[in-house]
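Residue strings, one per chain:
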Amino acid sequence: MTDPKKTASPDAQDEAAAQFAASEADQSQPADPIAALDAEKAELKDKLLRTLAEMENLRRRTARDVQDARNYAVTAFARDMLNVADNIARALENVPKDAEGALKTVVEGVALTERDLLKTLERHGVKKLEPVGQKFDPNFHQAMFEAPSEHPPGMVSTLVQAGYAIADRVLRPALVGVSKGPAKTEAPKANGAADAKG
């Protein structure tokens, strides 16, 4: 028995292979080469636009990260320095106002040091929050108590401890007392009201 593949002539095999290759080429090539080029052009344009948009987003994100790094680089150091500022302020508050001689000179020197420290912090973007008389804002203030005062209700009436902010972020909230409004005084009772009860 002979194998049919072995009996076919080499010319017949070549012709069959050529026909197969031609049919494959016809199937892989679209009917209209211009439409194929237009589709490829649209695909490449889409890829280009997406790449450009991604690069622009990356540029903006990087610029924002650099700006944040500039604004908030001193945050940890500034937070540590707030204790120093508080201690200097406490020292000045506890010195008698009628200090004389050498004590007066020391107090003036400490006051100058405090002003210089606050100016240095401000130069690096750290601002002291002085909220007395302002509307209570839980983003910048921490309420410690609520009490009657001459301020309208919801306003900061007392500053317990100064707060600080760096750029637009709170470094430490201000500890405050919030006003309930003016103290209510009891009206004197009329004699008729007292007699009616009795």
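What you are looking at is a predicted structure, and each value in this text was computed from that prediction instead of being measured.

1. As for the overall build of the protein chain
Next, step 1: Helix and strand counts for the protein chain come out as 6 helices and 6 strands.
Next, step 2: Counted from the first residue to the last, the protein chain has its helices and strands arranged as α-α-α-α-α-β-β-β-β-β-β-α.
Next, step 3: When each of the 198 residues of the protein chain is scored for burial, the buried share is 19%.
Next, step 4: Put simply, of all contacts in the protein chain between residues at least 6 apart along the chain, 63% involve residues at least 24 apart.
Next, step 5: In the form shown here, the protein chain has an accessible surface area of approximately 15300 Å², with 57% of it arising from carbon and sulfur atoms.

2. Observations regarding the sheet that holds strand S2 (residues 141-147)
Next, step 1: Strands sit in the order S2-S6-S3 across an open sheet of 3 strands; the sheet is mixed. Both outer strands of the open sheet, S2 and strand S3 (156-161), are each paired with one neighbouring strand and no more. Put simply, the sheet's adjacent strands are angled 30° from each other on average, direction ignored.
Next, step 2: Two elements, S2 and strand S6 (residues 174-179), share 6 bridges in a ladder whose sense is parallel. Opposite His-141, over in S6, you have Ala-174 as the bridge partner.

3. A word on the layout of surface pockets
Next, step 1: Estimates place the volume of the largest pocket at around 230 Å³.
Next, step 2: Every residue along the wall of the largest pocket is listed here: Ala-85, Asp-86, Ala-89, Arg-90, Glu-93, Glu-114, Lys-128, Leu-159, Val-160, Gln-161, Ala-162 and Tyr-164.
Next, step 3: Broken down by secondary-structure element, the contributors of at least two residues to the lining of the largest pocket are helix H4 (75-93) and S3.
Next, step 4: With 5 residues, H4 is the largest single contributor of residues to the lining of the largest pocket.
Next, step 5: Taken together, the residues of the lining of the largest pocket break down into 6 nonpolar, 1 polar and 5 charged.

4. Some details on the confidence of the model for the protein chain
Next, step 1: Averaged over the protein chain, the pLDDT score is 82; the fraction of residues at 70 or greater is 79%.
Next, step 2: When the criterion is pLDDT under 50, residues 194-198 qualifies, and its contacts beyond four places in sequence or with other chains add up to 1 contact.

5. Here we look at the nonpolar core
Next, step 1: Counting residues in hydrophobic clusters, the biggest one holds 15 residues, and the most contacted among them are Leu-117, Leu-121, Val-126, Tyr-164 and Leu-171.
Next, step 2: For this core, the element with the highest residue contribution is H4, accounting for 6 residues.
Next, step 3: In contact with Leu-121, other than residues within four places in its own chain, are Ala-78, Met-81, Leu-82 and Val-126.

6. Digging into the pattern of salt bridges
Next, step 1: Considering all chains together, one arrives at 7 salt bridges under this definition.
Next, step 2: Between Asp-46 and Arg-50 there is a salt bridge; the shortest N-O distance is 3.0 Å. Here Asp-46 and its partner Arg-50 are both found in helix H3 (residues 33-72), 4 residues apart, which amounts to about one turn of the helix.
Next, step 3: Judged by its relative accessible area of 58%, Arg-50 falls in the exposed class.
Next, step 4: For Glu-54, the salt bridge goes to Arg-61, with nearest N and O atoms at 3.8 Å.
Next, step 5: Residue classification places Glu-54 among the partly exposed residues on the basis of a relative accessible area of 44%.

7. As for the packing of aromatic side chains
Next, step 1: Counted according to the given criterion, the structure contains 0 aromatic pairs.
Next, step 2: Sitting over the face of the ring of Tyr-72, Arg-169 holds its NZ or CZ atom 3.8 Å from the ring centroid.

8. Focus on the sheet that holds strand S5 (residues 169-172)
Next, step 1: In space, the 3 strands of this open sheet follow the order S1-S4-S5, with antiparallel pairing throughout. What marks the edges here is a single partner per strand, and that holds for strand S1 (126-129) and S5. Across the sheet, the mean angle from the axis of one strand to that of its neighbour is 35°, orientation sign disregarded.
Next, step 2: Both S1 and strand S4 (residues 163-166) contribute to a ladder of 4 bridges, which runs antiparallel. By the bridge assignment for S4, Leu-129 is matched with Gly-163.

The rules behind the values
Residues numbered from 1 in each chain as written. Predicted model: local features only at pLDDT ≥ 70, side-chain atom pairs only at ≥ 80, totals over all residues. Heavy atoms only, no water. Helix = DSSP H or I, 4+ residues; strand = E, 2+ residues; numbered from the N terminus. Buried < 20%, exposed > 50% of the residue type's maximum accessible area, 1.4 Å probe, protein only. Contact = heavy atoms within 4.5 Å. Areas by Shrake-Rupley, 256 points an atom, 1.4 Å probe, with all protein chains shown as cover. Pairing = 2+ DSSP bridges. Axes fitted to C-alpha atoms, helices over the stretch in contact; angles between N-to-C directions. 1 Å grid on protein atoms, 1.4 Å probe; cavity = no way out; pocket = protein on both sides within 12 Å on 5 of 7 lines; lining within 4 Å. Points joined across faces, edges and corners; volume = space filled by probe spheres on them. Nonpolar A, V, L, I, M, F, W, Y, C, P; charged D, E, K, R; others polar. pLDDT = per-residue confidence, 0-100. Core = buried A, V, L, I, M, F, W, Y, C linked by side-chain atoms within 4.5 Å. Salt bridge = Lys/Arg side-chain N within 4 Å of Asp/Glu carboxyl O. Phe/Tyr/Trp six-rings, centres within 6.5 Å; stacked < 30°, edge-to-face > 60°. Lys NZ or Arg CZ within 6 Å of the ring centre and 35° of its normal.

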